[in-house]
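# Examining the three-dimensional arrangement
Residues per chain are reported as follows:
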Amino acid sequence: MIFVLQVRGLPAFIVTMLVAPLLLLLFPFPPSSAAQLPNDGKAKEPPVATNGQPFPWDRMRLPKTISPLHYDLTIHPNLTTLSFTGIVRIELDVHEDTSMIVLHAKEMQISSVRLLAPDGARPLQVLECPHFHQLALLSDTVLTKGAKYEVQLGFAANLSDSFHGFYKSSYRTSSGEVRVLASTQFEATFARGAFPCFDEPAFKANFTIQITREPRHIAVSNMPKVRTVELPGGLLQDHFDTTVKMSTYLVAYIVSDFLSVSKTTQHGVKISVYAVPEKIDQTSFALDAAVKLLDFYDDYFDIPYPLPKQDLAAIPDFQSGAMENWGLTTYRETGLLFDAEKSSVSDKLAITKVIAHELAHQWFGNLVTMEWWNDLWLNEGFAKFMEFISLDATYPELHVDDFFLGKCFEAMEVDSLSSSHPISTPVENPMQIQEMFDDVSYDKGACILNMLRDFLTPEAFEIGIIKYLKRYSYQNTVNSHLWESLTNICTSDDLDEGRMKHRQFCSKRNLPSGSSKWYSGDELDVRAIMDTWTLQEGFPLVTVAVRGREVRLSQERYLKTDDPSLTEGFLWQIPLTYMTSASSTIHRFLLKTKTDVLYLPEEVDWVKFNVDMSGYYMVHYAGEGWSSIIRLLQHNHTALTSNDRASLIHNVFQLVSVGKVRLDTALELSLYLSKETEIMAVTQGFGELVPLYKLMEKRDMAALENQMKDYIVDLFRGLIDRQEWTDSGSVSERVLRSYLLLFACVRNHAPCVTKATQLFNKWKDSDGNISLPVDVTMAVFVIGARTPEGWDFMFEKYRHSMQMSVKSRLKIAMTVSPLRDKLKWMMEQSLQGEVMKTQDLPDVVVSISRNPCCYKLAWDFLRANWHTMIKKFDLGSNTVSFMVTGVTRQYSTREMLDEVRSFFGSLTEEMGSEMRCIQQTYETIEDNIRWMDTNLPLLQAWLDKRSHKVPHDDL
């Protein structure tokens, strides 16, 4: 699954991922994360069934005495009554003698439960335990180990009005007609709301699905349709081929009036993209991308895609970004639909990334699945990592490498809090499972995989992951299985099975068992190294002290806290890389201890560790180290790569937060940005500087706030003024143009405001019919939304537009308006879901929370509608966490902290009081308070000293 990521730290104008994905890639927000470590999943009190009898099972996890082999599932959704009925027959594998079958079902009526045994059919007693979402089916006779049994259950329920389970979606045609469809979203624990099942990832089985529908609709599922049968009453029943062995969360089906377009890959797989009829003309880009990417993965993994087809469906109502259901991936419309005339280059980047992510899951997650949700990162970290590997090969013009660093910065934002969690964390209940879908599982997972790839070499890494996928196909895995596959990759068995280039790689290198280009002293133990990155939370700060040729190294946990005891006891095996002023060669050193020393061949002017930030750690340069780097950046910044420069900007400002570096030192480093032109370094500069004045906007300190804003505008004035109001240049240049002009207009930079006003008036006078350059539309819309007339005009265009990317840009631009009544109305409409989609409510609320004139509106709205929103978006979900942390993250006063604590402290556990995002919120506000108390005098003094004199060198 992939989430629609939102932005942290910048002004409210910052747009959602599918409007300007660069911004989201570069400015992390604190996502949800796992709750506190649970107990063993046992009930606190003996569970009681709904009929008052004792429930015979007291654990959240199902017993392992029985597992499913095959489901025969018949579903009949009624899109008029918004309900569904069904029958499921489950073939069982009995591992131990038992008289009890325990499986999952949630909020459904169960009927006609029968056991089909070798000696005939008989009824079973049914007990329900809603707290665990479990059914216990009790037999009068023992089910014998090894014997063949089936259980049959009838069931009925309403289509869910949330975004999970088997749920209702709808859309409005251009003529105003509302049409209804039904779609599924089962990850992580929602298949149980659609049919009775063993709803845990290790209970893999085959599924044969039949769907009953009206002739005006179509049905699609994981597998191709094999036949359609006419039923009494004018209904049709589609029968689908039997799936491969897979987990329940990957089952999918849709009943709708969608149309589709199709192509076939070089490997013979039929690819189809489904969308509502009036948007089917926006599917060609996604179709071509899916064909190209599936072919790439087929070759890269050396394992043929095992299904005959792969469908991609654009769902009008969808909470996350997309879902990897095997053979039927589902997406937000903004994640799949592309209009060549109206969509931006950022949209193209976002769409290719999300398709690459979901198609990577067809191998990582679907073919090989984590055994339990504690190792979710084995699915999501790999899929996030493979986005960049695949797009670098298939769409080199997108320059996807320019955006990878942002994922590591996002992960570090949440991983720097004491409420973070290890990548692999014990979880039991559905809320804790939901909380695993966060930046630690996704982005930190991807970043440590990137570090490991660099550690082992890309060739060795590729051999190892192919070995992993082949060895564990159709099975479930844990961390150690991956590390074993990446150790001793050049054994004879693997060479016999491997591709020619792999055999050549091992033969050429003649690698002994466990060798590495990193560390020759000991045999390489991949598991020992990587356990330090996956089994403990946080990440290391490496301090570098250079004295002559001697480089003293030390490591500690980087943690934003005023409690030093929380940093004790952490130790990582860190693959260090470094380069110096004397040589462009990348040197390597494995730091396995708390301290160590290495020696340079000669004395140097500067040393830069974590080259290109390929490692997931920060670096502090003690003594004169930062001074030498500042001199280098001021006089010859291109001696370092853009990624190196971005990582230095990130590190130095983050070190201010923990008292390792003075703020004026970080600000001195930022001065070089007046000469910067590369997207990664420019946007990271914004990412560190903008949050400083955002904190001030929530306090009564306009003079200093405006000084800081003026400094940032002056710093980037030269680059801003050189931007053309056109759609020209490379992908990175175009994304950067959108970014800079948007910022400049929000900050009232006169040339930008004048040009944007002219363009908006011209667009409005044409009734929206002229084509604006796509790269500048956000800047234009933000200016237009400042007046009631402009806002109302934009909203009408939003209502009637069929271009999803245009709707997204209009939506976010409208939240930047100073018109409080419009913003309040906008949130209310998003919650109702008729005029504006409820799926967009989180973006709207959080964007309004960053609007300096109206931020309290968002906090008041969140509190007033809390119960409604957690029901709609689900406890522990990334969406709820984003709203909690996003709305509050710029607060920096004791008064606001007390108000936040008062509200969340009043909640019950059922209302979300145990969610980790609440603890993250407290920590973030406390860190903001500490930062302001410590650094405001320094900031004032530095800005006064500068007197706005920022150099503007010609480049």
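Presented here is a report on the structure given in the accompanying data block. (Residues numbered from 1 in each chain as written. Predicted model: local features only at pLDDT ≥ 70, side-chain atom pairs only at ≥ 80, totals over all residues. Heavy atoms only, no water.)

## Topic: helix H20 (residues 777–784)
Under the convention used in this document: Any residue under 20% of the maximum accessible area for its type is buried, any over 50% is exposed, and the rest in between are partly exposed; the area is computed with a 1.4 Å probe on protein chains only. By definition, any uninterrupted DSSP run of H or I lasting at least four residues is a helix, any uninterrupted run of E lasting at least two residues is a strand, and each is numbered from the N terminus. Contacts are residue-level and defined by heavy atoms, with any inter-residue pair within 4.5 Å sufficient.
Burial analysis of H20 places eight of its eight residues in the buried class, the great majority of the element. Buried within H20 we find Thr 777, Met 778, Ala 779, Val 780, Phe 781, Val 782, Ile 783 and Gly 784. Those residues of H20 that are buried lie in contact with helix H18 (731–746), helix H19 (750–765), helix H21 (788–800) and helix H22 (804–814).

## Comments concerning the state of the cysteines
Which entries qualify depends on this criterion: Two cysteine sulfur atoms form a disulfide, by the criterion used here, when they sit within 2.5 Å.
As enumerated under the stated definition, the model contains three disulfides in all. Bridging Cys 408 to Cys 447, the disulfide has an S-S length of 2.1 Å. Judged by the sign of its S-S torsion, about -105 degrees, the cystine formed by Cys 408 and Cys 447 is left-handed. In this pair, Cys 408 sits in helix H5 (residues 404–415) while Cys 447 sits in helix H7 (residues 439–456), placing the two residues 39 residues apart along the sequence. By relative accessible area, which is 2% here, Cys 447 ends up buried. One disulfide in the model links Cys 745 with Cys 752; its S-S distance is 2.2 Å. Linking Cys 745 and Cys 752, the disulfide has an S-S dihedral of approximately -90 degrees and is accordingly described as left-handed. The two residues Cys 745 and Cys 752 agree in class, both being buried. Of all cysteine sulfurs, the one in Cys 197 lies closest to Cys 129, which takes part in no disulfide; the gap is 16 Å. The class for Cys 197 is buried, based on a relative accessible area of 0%.

## Regarding the layout of surface pockets
We apply this condition: With a 1 Å grid laid over protein atoms only, a set of points is called a cavity when a 1.4 Å probe fits there but cannot get out and a pocket when it is open yet has protein on both sides within 12 Å along at least five of seven lines; lining residues have an atom within 4 Å of a point. Grid points are joined across faces, edges and corners, and a volume is the space filled by probe spheres set on the points. Basically, the charged four are Asp, Glu, Lys and Arg, the nonpolar ten are Ala, Val, Leu, Ile, Met, Phe, Trp, Tyr, Cys and Pro, and anything else, Gly included, counts as polar.
Estimated volume of the second largest pocket: approximately 1,100 Å³. For the lining of the second largest pocket, the secondary-structure elements that each account for two or more residues are strand S9 (165–172), strand S10 (178–185), H21, H22, helix H23 (820–832) and helix H26 (866–873). Here the lining of the second largest pocket takes six residues from S9, the largest share from any one element. By residue class, the composition of the lining of the second largest pocket is 14 nonpolar, 17 polar and 16 charged.

## Comments concerning the pattern of salt bridges
Here is the rule: A pair is scored as a salt bridge if a Lys or Arg side-chain nitrogen falls within 4 Å of a carboxyl oxygen belonging to Asp or Glu.
Here the structure, examined in full by the defined rule, presents 48 salt bridges. With a shortest N-O distance of 3.9 Å, Glu 537 and Arg 557 are connected by a salt bridge. Of this pair, Glu 537 sits in the loop between helix H12 (526–534) and strand S23 (540–547) while Arg 557 sits in strand S24 (residues 550–557), and the two are 20 residues apart along the sequence. Note that Glu 676 and Arg 645 form a salt bridge whose closest N and O atoms lie 2.7 Å from each other. One end of the pair, Glu 676, is in the loop between helix H15 (663–670) and helix H16 (679–697); the other, Arg 645, is in helix H14 (residues 642–657), and 31 residues separate them in sequence.

## Side note on the pairing of strand S5 (residues 120–123)
Counted only if it meets this: Two strands make a pair as long as DSSP finds a minimum of two bridges between them.
Pairing of strand S4 (residues 109–117) with S5, which is carried by four bridges, proceeds in the antiparallel orientation. Bridge pairing in S5 links Ala 117 to Gly 120. Taking the residues that link successive antiparallel strands as the turn, the S4-S5 hairpin has two residues.

## Quick look at the side chain of Ser 877
Inclusion rule: Pairs of N or O atoms are called polar contacts if they sit within 3.5 Å, as long as, within protein, a hydrogen donor faces a hydrogen acceptor (for residues adjacent in sequence, only side-chain-to-side-chain pairs).
Checked against the element boundaries, Ser 877 lands in the loop between H26 and helix H27 (878–888). Relative accessible area serves as the criterion here: at 2%, Ser 877 is assigned to the buried category. At 2.8 Å, the side chain of Ser 877 forms a polar contact with the backbone oxygen of Phe 873.

## Concerning the packing of H26 against H27
Condition: Each axis is a line fitted through C-alpha atoms, taken for helices only over the stretch in contact, and angles between the N-to-C directions span 0 to 180 degrees.
Contact geometry of H26 with H27 gives a least axis separation of 8 Å together with a crossing angle of 145 degrees. Residues Trp 866, Met 869, Ile 870 and Phe 873 of H26 form the contact with H27, whose participating residues are Thr 879, Val 880, Met 883 and Val 884. Across the contact of H26 with H27, the residue classes break down as seven nonpolar, one polar and no charged.

## Some remarks on H19
Put simply, the test is: Each helix should span, by expectation, one fewer than its residue count multiplied by 1.5 Å. Picture the helix axis, draw a direction to every C-beta atom, and the arc is the one those directions span.
With 16 residues, H19 extends 22 Å from end C-alpha to end C-alpha; this agrees with the ideal 22 Å at 1.5 Å per step. All of the buried residues along H19 are Cys 752, Val 753, Ala 756, Leu 759, Phe 760 and Trp 763. Down the axis of H19, the smallest arc covering the buried residues is 140 degrees, so these residues share one side. The exposed residues of H19 that point more than 90 degrees off its buried face are Lys 762 and Asp 765. Those residues of H19 that are buried lie in contact with H18, H20, H21 and H22. Backbone geometry just downstream of H19 places Asp 767 in the positive-phi region, at approximately 60 degrees.

## Some points on the nonpolar core
To keep things clear, this is the line we draw: Residues belong to one nonpolar core when they are buried, are Ala, Val, Leu, Ile, Met, Phe, Trp, Tyr or Cys, and are joined through side-chain atoms within 4.5 Å.
Counting 332 residues, the largest nonpolar core has Phe 195, Tyr 253, Ile 355 and Phe 609 as its most contacted members. Apart from the residues lying within four places of it in its own chain, the contact partners of Phe 609 are Val 544, Val 551, Leu 553, Leu 576, Thr 577, Tyr 578, Leu 598, Val 619 and Tyr 621.

## With respect to the packing of helix H24 (residues 841–849) against H27
This is how the line gets drawn: Each angle gets one of four labels, with under 35 degrees taken as roughly parallel, over 145 as roughly antiparallel, 65 to 115 as roughly perpendicular, and the rest as oblique.
Here H24 crosses H27 at 10 degrees, and the two axes come no closer than 9 Å. With respect to H27, the element H24 is oriented roughly parallel. Residues Pro 842, Asp 843, Val 845, Val 846 and Ser 849 of H24 pack against Thr 879, Phe 882, Met 883, Gly 886 and Val 887 of H27. Grouping the amino acids of the contact of H24 with H27 by side-chain chemistry returns six nonpolar, three polar and one charged.

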